[in-house]
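Examination of the molecular architecture
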Amino acid sequence: GVTGEADVFVSAVPVHSFLKICPQEIRGAYSALEKTQCSPIVSVNLWFPKSLFSEAFLGLLDTDFQWIFNRRQLWGDKAASEGYVSLVLSAGADHVNKTSDELVEMALNDLKRCFPDFHEKPLHSSVIFERQATPSPTPDFWKNRPGLTTPLENFFLAGDWVNTGLPPTIEAASLSGHQAAKAAFQYLCEKG
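Summary of the structure given here. (Residues numbered from 1 in each chain as written. Predicted model: local features only at pLDDT ≥ 70, side-chain atom pairs only at ≥ 80, totals over all residues. Heavy atoms only, no water.)

As a further point, take the pairing of strand 4 (residues 67-70). Where burial is concerned, the two faces of strand 4 differ: the one with Ile68 and Asn70 is buried and the one with Trp67 and Phe69 is not. Relative to strand 4, strand 3 (residues 57-59) runs antiparallel, the two sharing 3 bridges. By the bridge assignment, Phe57 is partnered in strand 4 with Phe69. (Buried < 20%, exposed > 50% of the residue type's maximum accessible area, 1.4 Å probe, protein only. Helix = DSSP H or I, 4+ residues; strand = E, 2+ residues; numbered from the N terminus. Pairing = 2+ DSSP bridges.)

Structure below.
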């Protein structure tokens with residue numbers, strides 16, 4: 001219900017959120033995206049008394065979770081406590097019925113496998129289950145995936161669902177953000 005005025009707009013929200021806020025005059029151009037199926041992502045955040053590792057992030061093999069992020073290294077010591085880590089599980093559809101406690105236990109088991117000498121108990125935990133986190137790259141999705149420009153000359157799109165030539169990944173989201181910012185800047189320069 002809130003409106004804003006600007007010379008240029010970039011929408012950088014997930015596809016289903018975009019469909020809810022898409023301007024009425026161009027909504028028809030994106031109606032095929034309503035069929036987009038999404039895959040969930042699970043993030044388990046754990047706060048330990050001390051750090052598990054010094055790297056910014058690690059890829060995990062032969063575990064349920066694929067990535068572990070060291071928030072202190074990524075955000076700096078003022079933004080995150082020393083032992084704050086996040087474990088991420090992509091394509092989490094098989095875990096949709098698990099409770100938060102079960103997901104935390106899965107994450108702790110993966111940590112025990114990867115760090116056998118680490119025996120700290122978490123001080124706190126939280127679970128974020130993003131049910132529509134990323135588009136499933138079905139043939140329909142590939143066929144209907146839009147570019148960053150829209151029928152409105154001052155409105156651009158960014159997100160993993162925007163066609164950058166990459167699959168719907170964090171890399172695609174980042175690339176589309178850079179491309180949309182460049183297009184928005186170019187639009188502003190041309191309009192003077």
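What follows continues from the structure just given.
What follows covers the environment of Tyr187. With respect to the helices and strands, Tyr187 occurs in helix 5 (residues 170-191). Residues Tyr187 and Leu46 lie 141 residues apart in sequence; the distance between their C-alpha atoms is 43 Å. Setting aside anything within four residues of it in sequence, one finds Tyr187 in contact with Asp7, Val8, Glu153, Asn154 and Phe156. (Contact = heavy atoms within 4.5 Å.)

On inspection of all chains with the given rule, the structure shows 3 salt bridges. Residue Lys50 is joined to Glu120 by a salt bridge in which the shortest nitrogen-to-oxygen separation is 3.7 Å. Separated by 70 residues along the polypeptide, Lys50 in the loop between strand 2 (38-48) and strand 3 and Glu120 in the loop between helix 3 (100-114) and strand 6 (124-135) bring together distant segments of the chain. The class for Glu120 is partly exposed, based on a relative accessible area of 29%. In this structure, the salt-bridge partner of Asp140 is Lys143, at a minimum N-O distance of 3.7 Å. With a gap of 3 residues between them, Asp140 and Lys143 both fall in helix 4 (residues 139-144), about one helical turn apart. (Salt bridge = Lys/Arg side-chain N within 4 Å of Asp/Glu carboxyl O.)

Shape is all these values report; function is a separate question.
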